[in-house]
Amino acid sequence: MFTIDENAPVVARLSTVIDAPLETVWQLHTDIGAWATWITDIDQAVLNGPLATGSSFTWKTHGLDITSTVRELIPGERIVWGGPASGITGIHVWTFEQTGEQVTVHTEESWSGAPVDAAPEELGRALHQSLQSWLASLKSQAEQSA
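Keep in mind that this is a model prediction, so the values were computed, not measured.

Trainee: Would you mind going over helix 4 (residues 120-145) with me for this structure?
Mentor: Every α-helix winds through 3.6 residues per turn, so residues three or four apart in the chain are directed the same way. Look at helix 4: 37 Å from first C-alpha to last across 26 residues, which is about the 38 Å you get at 1.5 Å a residue. Taken together, the buried positions of helix 4 are occupied by L123, G124, L127, S130, L131, W134, L135, S137, L138 and A142.

What follows is the structure, encoded as C-alpha cells:
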C-alpha cells in the first residue's frame with residue numbers, strides 16, 4: 001500500500017463528508033478528463049489511457065504542468081497518484097468510505113524537493129488551500145448530482 005512521504009517538508013491532511021452515493025463521488029473524482037469542468041483550480045486534465053495502476057495523466061493547475069502516475073487503485077475505496085512538477089515531488093492519497101447515505105473522503109498529500117525546502121510554510125499553505133478547494137468542489141458537485 002502506497003502512502004505519502006511522512007518526512008516531507010510539507011504534508012496536508014483533510015477530509016469532508018458528502019451527502020451522495022459512493023458511486024457518484026467515485027465516478028466524479030476519477031473522471032480525470034472532466035476535472036476542469038468542476039474544479040476551478042484545474043485548467044486542463046487528460047488521462048493517458050484507461051484508469052489503472054501504472055497509467056498516467058497530465059494536468060495543469062496553478063501554472064504548473066504536471067504528469068502524475070497512478071500508484072494504487074482500489075475502485076470505490078482508494079486512489080494514489082504522484083509525480084514530479086517543477087522540482088516538487090508530490091504523493092497524493094485519496095480514500096473513500098461510505099457510512100449510511102454519506103461518503104467520507106480523506107485526502108493526504110506530501111510535497112518534497114528543493115522548491116519546498118526553500119519555502120515550506122508558503123507552499124504548505126498553498127497545498128492546504130488547494131486541497132480545501134478541491135474537497136469543497138467535489139462535495140458541491142457530487143451533492144448536486146445525487
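Trainee: It is not clear to me how the side chain of S110 should be interpreted in this structure. Could you clarify?
Mentor: Here S110 lies in strand 7 (residues 102-112). Take S110: its relative accessible area is 1%, and that puts it in the buried class. In this structure the side chain of S110 is engaged in a polar contact, spanning 2.9 Å, whose partner is the backbone nitrogen of D5. When sequence neighbours within four positions are dropped, the list of residues in contact with S110 reads I4, D5, A8, V10, V11, T89, G90 and I91.

Trainee: What exactly am I supposed to notice about the packing of aromatic side chains here?
Mentor: Each pair of aromatic rings is reported with the distance of its centres and the angle of its planes. Within this structure, the stated rule accounts for 11 aromatic pairs. Centroid distance W35 to F57: 5.4 Å. Interplanar angle 85°. Geometry classified as edge-to-face. Residue W35 is located in helix 2 (residues 35-38), and its partner F57 is located in strand 3 (residues 56-61); the two are separated by 22 residues in the primary sequence. Each member of the pair, W35 together with F57, is buried.

What counts and how
- Residues numbered from 1 in each chain as written.
- Predicted model: local features only at pLDDT ≥ 70, side-chain atom pairs only at ≥ 80, totals over all residues.
- Heavy atoms only, no water.
- Helix = DSSP H or I, 4+ residues; strand = E, 2+ residues; numbered from the N terminus.
- Expected span 1.5 Å × (residues − 1).
- Buried < 20%, exposed > 50% of the residue type's maximum accessible area, 1.4 Å probe, protein only.
- Polar contact = N/O pair within 3.5 Å; in protein donor to acceptor, adjacent residues only side chain to side chain.
- Contact = heavy atoms within 4.5 Å.
- Phe/Tyr/Trp six-rings, centres within 6.5 Å; stacked < 30°, edge-to-face > 60°.

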